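# What the coordinates show
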Amino acid sequence: MTITAEAVKQLRERTGAGMMECKKALVETNGDLDAAAENMRKSGLAKADKKASRVAAEGVVVIEKSADGKTGVLVEVNSETDFVSRGDDFRGFANEVAKAALAAGAASVDAVNALKLASGETVDEKRRALIAKIGENLTVRRVTLVTAPTIVGSYVHTDSRKAALVAVEGGDADLARDLAMQVVAASPRYIAPSDAPAEHVAKEREIETAKALAEGKPAEIVAKMIEGRLRKSINEFALLGQVFVKDGDLTIDKLLKNAKASVKSFERYEVGAGIEKRQDDFVGEVMAQVKAQQKSDGKSDPPATKH
């Protein structure tokens, strides 16, 4: 049977679901619009899509690694509230996603969402079912696959909101884990100071120049101060230039040289990074609703009490 574009459009308007989901539902019901809408409601598809615009900035970061330790995957799965992100259903789903991503070597969200889980559902189908069950928008936000010549170091902070993977050549598992812990704790942007882009260096030089001039130092001293402070500033952004969090007498560069090892790449995730969270004023929202109701009822605010 041919499913018309008009029928798909009507079902989309009724359910708020995606075009492909609507077309599939219509095919399954031989074009019966009412039956298709009812089936979508039962499966939670309509409910899931209506929640898709809501901000999901809480959640967890999950890591899975291969048996040989040379490959790891970092996945961020988001919910709307911290309460849901601590639930067993949500955590179980996030772990399933990470395992599936590692097994398939998937390195993009689209690829991960299309993966089949042990239940036979795709990741996206399981996500939608959970939205219907939990009542919050859930998203698989980011995924990164990391491979290493020797070992991938991993570290997940105790709150599961921050985690990192580091690809290491040489060294051992303890060193690799320490490096991942360093990345989580100190948030480097680059591996080496020389990796810092010219525009970043220029901006840091501008900042340090303004600070030095504000101190009223002579010009010849200011020039030396700026370069010294600039080196220190750039080192703070580069993994190799950072002081080791477990030993204040060691830089990461020295730690690696002692172990005859090197860092090839790293990735750090923090839940919700870059997402603009909506700040709800619950009390203000309730009061606005009360005032609106009073206005519609023809009532005015009660007079102020005199003391």
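Residues numbered from 1 in each chain as written. Predicted model: local features only at pLDDT ≥ 70, side-chain atom pairs only at ≥ 80, totals over all residues. Heavy atoms only, no water.

The subject of this paragraph is the packing of helix H6 (residues 88-104) against helix H8 (residues 123-134). At a closest axis distance of 11 Å, the pairing of H6 and H8 adopts a crossing angle of 175 degrees. Comparing the axis directions of H6 and H8 gives the class roughly antiparallel. Touching Asp89, Phe93, Glu96 and Val97 of H6 are Val123, Lys126, Arg127, Leu130, Lys133 and Ile134, all from H8. Partitioned by chemical class, the residues of the contact of H6 with H8 number five nonpolar, no polar and five charged. (Axes fitted to C-alpha atoms, helices over the stretch in contact; angles between N-to-C directions. Helix = DSSP H or I, 4+ residues; strand = E, 2+ residues; numbered from the N terminus. Parallel < 35°, antiparallel > 145°, perpendicular 65-115°, else oblique. Contact = heavy atoms within 4.5 Å. Nonpolar A, V, L, I, M, F, W, Y, C, P; charged D, E, K, R; others polar.)

Take the pattern of salt bridges next. Here the structure, examined in full by the defined rule, presents 15 salt bridges. A salt bridge links Lys133 to Asp89, with the nearest nitrogen and oxygen atoms 2.8 Å apart. With Lys133 in helix H8 and Asp89 in helix H6, the pair connects residues that are 44 residues apart, well separated along the chain. For Lys133, a relative accessible area of 60% puts it in the exposed group. (Salt bridge = Lys/Arg side-chain N within 4 Å of Asp/Glu carboxyl O. Buried < 20%, exposed > 50% of the residue type's maximum accessible area, 1.4 Å probe, protein only.)

Quick look at the sheet that holds strand E3 (residues 139-147) now. A sheet is described by the order of its strands in space; here three strands give the open sequence E1-E2-E3, paired in antiparallel fashion. Across the chains shown, the open sheet's two edge strands, defined by having one partner strand only, are strand E1 (58-65) and E3. Direction aside, neighbouring strands of the sheet carry axes that sit 15 degrees apart on average. Note: E1 against strand E2 (residues 71-79), eight bridges, orientation antiparallel. Note that in E2 the partner of Glu64 across the bridge is Val73. (Pairing = 2+ DSSP bridges.)

A positive phi angle, close to 55 degrees, is found at Asn30, a residue other than glycine. For Asn30, the position within the fold is in the loop between helix H2 (19-28) and helix H3 (33-43). The phi dihedral of Lys260 falls on the positive side, at around 55 degrees, and the residue is not glycine. With respect to the helices, strands and loops of the structure, Lys260 is situated in the loop between helix H12 (252-259) and strand E6 (262-270). The exposure class assigned to Lys260 is exposed, which follows from its relative accessible area of 73%.

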